[in-house]
Amino acid sequence: MFFIANWKMFGDLNAVNSVKKVIKISKYRNFKKANIIYCPPYTLIDKFVKITKNSKIKIGAQNCHYSQNAGPFTGDINADLLKSIGANYVIIGHSENRVSGDSNHIINLKIKSAIKKKLKVIFCIGETLKERKRKKTNLILKSQIIKGLKGIKKNKEIIFAYEPVWSIGTGRIPKIDQLERQIYDIKKMIKKIWKSKNSKILYGGSVNTKNIRELNKIRSINGYLIGGASQKSKNFIDIIKKTIN
Ligand code: PGA
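Residues numbered from 1 in each chain as written. Predicted model: local features only at pLDDT ≥ 70, side-chain atom pairs only at ≥ 80, totals over all residues. Heavy atoms only, no water.

Peer 1: An account of a positive patch on the surface is requested, with residue identities and associated values reported.
Peer 2: There is a patch of like positive charges on the surface, built from Lys142, Lys188, Lys192 and Lys195. Residue placement: Lys142 occurs in helix α7 (residues 137-148). (Patch = residues over 30% accessible without salt bridge, like charges linked within 9 Å, V, L, I, M, F, W, Y side chains within 5 Å. Areas by Shrake-Rupley, 256 points an atom, 1.4 Å probe, with all protein chains shown as cover. Salt bridge = Lys/Arg side-chain N within 4 Å of Asp/Glu carboxyl O. Lys, Arg positive; Asp, Glu negative; His and termini not counted. Charge placed at Lys NZ, Arg CZ, Asp CG, Glu CD. Helix = DSSP H or I, 4+ residues; strand = E, 2+ residues; numbered from the N terminus.)

Structure, rendered in structure tokens:
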């Protein structure tokens, strides 16, 4: 099971203490089954890579630029730079980046550049509330998957994260039976392209210590992408424990 902490634009240097607590507990035997990955802001990646060095915890970024080469892109960071400081993962296609301009095409280029630099990708997909109400969910997800994966061969280093946009940061999650069905549909969409049944799919959107037991009823989910609830070590650990125990 994957537990990916998406810290978004939160976390100063004191945040290190929160991670240290998780490092400590992750050494227990029952945490063996948990793949814990922190995606802090760029400013903390180097620090987090260093403090997690002798632990099972891996570090990722929340985005990257699509250019595989260095270039005149003020304020941007590409996969190459991330890899050079020890990041192993990168989130691509998060809805918060889609609204600020990441088209499916750009996302496709970003995924390609990340794979090229041997970063593992957390590829986010999800529909808005408006799209859901218009019963366009599967149409949107299919288009995000097909366009995002264009020209990319079956790759087990790409993990999918289904994050309904209306669920992110709102405290609302889909009904369990609907979510289960959605995960099934997404697996089917990926299978059509890659002929592979074993793609990993995470759920993201308002995962917290209260709803995690309910979410865990869905056997086909391979883990969670967790925003708000991952910042406090106590909550993050609680979510992991309730899932693996
Ligand atoms: P949330 O964020 O858990 O705070 O809803 C999840 C995400 O945006 O990845």
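Now, onward.
Peer 1: Describe the pattern of salt bridges, listing the residues and the values that go with them.
Peer 2: Pairing is possible between side chains of opposite charge, provided their charged atoms come close. Overall, the coordinates contain eight salt bridges when judged by the stated rule. Among the ionic pairs, Glu96 bridges to Lys8, the shortest N-O distance being 3.0 Å. In this pair, Glu96 sits in helix α4 (residues 95-98) while Lys8 sits in the loop between β1 (2-6) and α1 (15-25), placing the two residues 88 residues apart along the sequence. Taking the shortest distance from any N to any O, the salt bridge between Asp102 and Lys110 comes out at 2.7 Å. Since its relative accessible area comes to 13%, Asp102 is described here as buried. (Buried < 20%, exposed > 50% of the residue type's maximum accessible area, 1.4 Å probe, protein only.)

Peer 1: For unusual backbone geometry, give the residues involved together with the corresponding values.
Peer 2: At Lys135, a position not held by glycine, the phi torsion is positive, near 60 degrees. A positive phi is found at Ser206, a non-glycine position, where the angle reads about 60 degrees. Tracing the backbone through its elements, the reader meets Ser206 in the loop between β7 (201-204) and α9 (212-215).

Peer 1: Mind laying out the packing of aromatic side chains, listing which residues take part and the relevant values?
Peer 2: Tallied over the entire structure, the rule returns seven aromatic pairs. Plain terms: the ring middles of Trp7 and Tyr38 are 5.5 Å apart, the flat faces sit at 85 degrees to each other, and that makes the pair edge-to-face. With Trp7 in the loop between β1 and α1 and Tyr38 in strand β2 (residues 35-39), this residue pair connects regions lying 31 residues apart in the sequence. For the pair shown, Trp7 and Tyr38 are each scored as buried. Ring pairs connect the aromatic residues Trp7, Tyr38, Phe48 and Phe236, which therefore count as one cluster. (Phe/Tyr/Trp six-rings, centres within 6.5 Å; stacked < 30°, edge-to-face > 60°.)

Peer 1: So what's going on with the site of the ligand? Residues and values would help.
Peer 2: Around the ligand, the structure places Asn6, Lys8, His94, Glu163, Ile168, Gly169, Gly205, Ser206, Leu225, Ile226, Gly227 and Gly228. A total of 280 Å² of accessible area belongs to the ligand in isolation, and the protein chains cover 95% of it. Looking at the shell around the ligand residue by residue, the classes come out as three nonpolar, seven polar and two charged. (Near = heavy atom within 4 Å. Nonpolar A, V, L, I, M, F, W, Y, C, P; charged D, E, K, R; others polar.)

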